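# Analysis of the macromolecular model
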Amino acid sequence: MLCALITAHAQNKGVALQFDLPKLDGSSLTRLSDLPSTVVVVNFWRSDCPPCVEEIHLLNLQAQQLPAVKFIGIATEEAAKAKRFLARHPSGYLQLGAPLASEGLMRRFGNKTGALPYTAVLNPQRQLCQTKTGLLDAHWLAQALSACSAQDKH
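First things first, this report covers the structure right here in the doc. (Residues numbered from 1 in each chain as written. Predicted model: local features only at pLDDT ≥ 70, side-chain atom pairs only at ≥ 80, totals over all residues. Heavy atoms only, no water.)

## Quick word on the overall build of the chain
Counting its secondary structure elements, the chain contains four helices and eight strands. Along the chain, helices (α) and strands (β) appear in the sequence β-β-β-β-α-β-α-β-α-β-β-α when read from the amino end. Residue pairs at least 24 apart in sequence account for 69% of intrachain contacts in the chain once pairs closer than 6 positions are excluded. Counting every atom, the chain has about 7600 Å² of accessible surface; 56% of that belongs to carbon and sulfur. (Helix = DSSP H or I, 4+ residues; strand = E, 2+ residues; numbered from the N terminus. Contact = heavy atoms within 4.5 Å. Areas by Shrake-Rupley, 256 points an atom, 1.4 Å probe, with all protein chains shown as cover.)

Written as structure tokens, this is what we have:
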């Protein structure tokens, strides 16, 4: 598993992104295009990735404090393993399961290396706006949300 501390502006600007992924509880599929038109934070994670585990508290807190922003976690491991982890570390935001070969999905969202954790912030048009590989912090997330929200006003 790769873990890195790299921040980058997304390079696929202008391309609307899409996915149809199952909820980790198996209840239904979630289609990105069906979600309300708002800024979306997509966080790719695994339960055996220490920085992924560490940033869940921040993501839970931000999801609670910022109801206008949609937070989505995408587990890049077997659903059963991710569900066991979430039973011990509850998430306050939507959790989805990636396909077993999640590299293609992550690549579409700007992650060229496959390193985790990986976060993509999408503007309301579902275009990549900001990305970060490595552990999130509140300062970076606030700046990314501000930049991606501002794109909607132009």
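After that view, the rundown keeps rolling.
## Description of the side chain of Gln-62
Relative to the helices and strands, Gln-62 is located in helix H1 (residues 50-65). The exposure class assigned to Gln-62 is buried, which follows from its relative accessible area of 13%. Excluding residues that lie within four positions of it along the chain, Gln-62 makes contacts with Phe-71 and Leu-141. (Buried < 20%, exposed > 50% of the residue type's maximum accessible area, 1.4 Å probe, protein only.)

## Brief notes about the environment of His-89
Along the chain, His-89 falls in the loop between helix H2 (79-88) and strand E6 (94-97). Measuring from C-alpha to C-alpha, the distance between His-89 and Val-53 comes to 8.6 Å, with 36 residues separating the pair along the chain.

## Digging into the pattern of salt bridges
Taken as a whole, this structure holds three salt bridges when the rule is applied. Of the charged contacts, one joins Asp-20 and Arg-31 as a salt bridge, the two residues approaching to 2.6 Å between their closest N and O atoms. Of this pair, Asp-20 sits in strand E2 (residues 20-22) while Arg-31 sits in strand E3 (residues 29-31); the two residues are eleven residues apart in sequence, bridging distant segments of the chain. By relative accessible area, which is 38% here, Asp-20 ends up partly exposed. A salt bridge links Asp-48 to Lys-81, with the nearest nitrogen and oxygen atoms 3.8 Å apart. Separated by 33 residues along the polypeptide, Asp-48 in the loop between strand E4 (40-45) and H1 and Lys-81 in helix H2 bring together distant segments of the chain. Take Asp-48: its relative accessible area is 35%, and that puts it in the partly exposed class. Residue Lys-81 is classed as partly exposed on the basis of its relative accessible area of 27%. Salt bridges sharing common partners tie together Arg-46, Asp-48 and Lys-81. (Salt bridge = Lys/Arg side-chain N within 4 Å of Asp/Glu carboxyl O.)

## Details of the pairing of E4
A large share of E4 lies buried, amounting to six of its six residues. Burial of E4 is two-sided: the residues Val-40, Val-42 and Phe-44 facing one way and the residues Val-41, Asn-43 and Trp-45 facing the other way are all buried. Tracing the backbone out of E4, into H1 and back to the parallel element strand E5 (residues 70-75) gives a crossover that is right-handed. (Right-handed = clockwise from strand over helix to strand, strands pointing away.)

## Topic: the state of the cysteines
A complete count under the given rule lists two disulfides for this structure. Put simply, Cys-49 and Cys-52 are joined by a disulfide, and their sulfur atoms are 2.5 Å apart. Its S-S torsion of approximately 75 degrees makes the covalent link between Cys-49 and Cys-52 right-handed. When its relative accessible area of 1% is taken as the criterion, Cys-52 is described as buried. Here Cys-129 is linked by a disulfide to Cys-148, with a sulfur-sulfur distance of 2.2 Å. (Disulfide = S-S within 2.5 Å.)

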